[in-house]
Amino acid sequence: MRASRRRPAYPTPEVRACDADRDQVIAELREHFADGSLAHESFVIRVDAALRARRHGELAEIVADLPGPRASRTRAVLERLDQAGRSALHRVSAFLQPPPPTVLMLPPGPGIFTIGRDAGCDLVLPDMTVSRTHAGLRREGGGWLLSDAGSTNGTRVNGWRVTSPVPLQAGDRVTFGAMTMVVAERAQHAGVALTP
């Protein structure tokens, strides 16, 4: 049970004390013993007196010469550390969450496109986990095929690593290094995002 931060007022000393009243006084005695303002022998004598107390007046006499209850230094430091830790965790969690995926629009018509960090690529992805020339996209038949260009961090489609050309469809999640994109056809999401 935690001690109250302020000592209870006993306006009528003849009122009978209950176990909760005794526990509150004993908790206050513990706080004073823990912070060194109460000697061990005095602590033992006062706890015994609190357990035998029958009236509020007797409990008030036990703690009358002690300063009011206060938070121990240890508890105050632990509470401050807890608050600081929660605040830091909240700030850090924003960086740990992955950003929402960008939309990768498949252009209409034929073509071959390069994807990577290099400015010479058709689709430039400014992310350090993306290789300079990371992947390739080419039109074949009625759809698009994605292939990895020997990138360092790999290319994935719906979580599967690309080792040979893979057909893409609208709704597929494509990951280049740590950067994730969702495939969309131009007709579905006109003007929304990146186009190679």
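Residues numbered from 1 in each chain as written. Predicted model: local features only at pLDDT ≥ 70, side-chain atom pairs only at ≥ 80, totals over all residues. Heavy atoms only, no water.

## With respect to the packing of aromatic side chains
Under the counting rule described, the total for this entry stands at two aromatic pairs. A ring pair is formed by Phe-113 and Trp-144, whose centres lie 5.7 Å apart and whose planes are at 45 degrees; its orientation type is tilted. Of this pair, Phe-113 sits in strand E2 (residues 112–116) while Trp-144 is found in strand E5 (residues 143–148), placing the two residues 31 residues apart along the sequence. Summarising the burial analysis for this pair, Phe-113 and Trp-144 share the class buried. (Phe/Tyr/Trp six-rings, centres within 6.5 Å; stacked < 30°, edge-to-face > 60°. Helix = DSSP H or I, 4+ residues; strand = E, 2+ residues; numbered from the N terminus. Buried < 20%, exposed > 50% of the residue type's maximum accessible area, 1.4 Å probe, protein only.)

## What about the confidence of the model for the protein chain?
Looking at the protein chain as a whole, its pLDDT mean stands at 82, while 80% of the residues score no less than 70. Per-element confidence in the protein chain is highest for strand E6 (residues 155–157), whose mean pLDDT is 95, and lowest for helix H4 (residues 73–96), whose mean pLDDT is 71. Counting interchain partners and residues more than four positions distant, the pLDDT-below-50 stretch residues 188–196 has 28 contacts. (pLDDT = per-residue confidence, 0-100. Contact = heavy atoms within 4.5 Å.)

## Things to note about helix H1 (residues 19–34)
Over its 16 residues, H1 runs 22 Å from end to end, which matches the ideal 22 Å to within 8%, given 1.5 Å per residue. Among all positions in H1, only Asp-21, Arg-22, Val-25, Ile-26, Ala-27, Glu-28, Leu-29, Glu-31 and His-32 are buried. (Expected span 1.5 Å × (residues − 1).)

## What about helix H2 (residues 40–52)?
Its 13 residues give H2 an end-to-end C-alpha distance of 19 Å, which sits within 8% of 18 Å, the value for a rise of 1.5 Å per residue. Within the span of H2, buried status applies to Phe-43, Arg-46, Val-47 and Ala-50. Projected onto a plane normal to the axis of H2, the buried residues spread over an arc of 105 degrees and lie on a single side. Across H2 from its buried face, at more than 90 degrees, point the exposed residues Glu-41, Ile-45 and Arg-52. (Arc of directions from axis to C-beta.)

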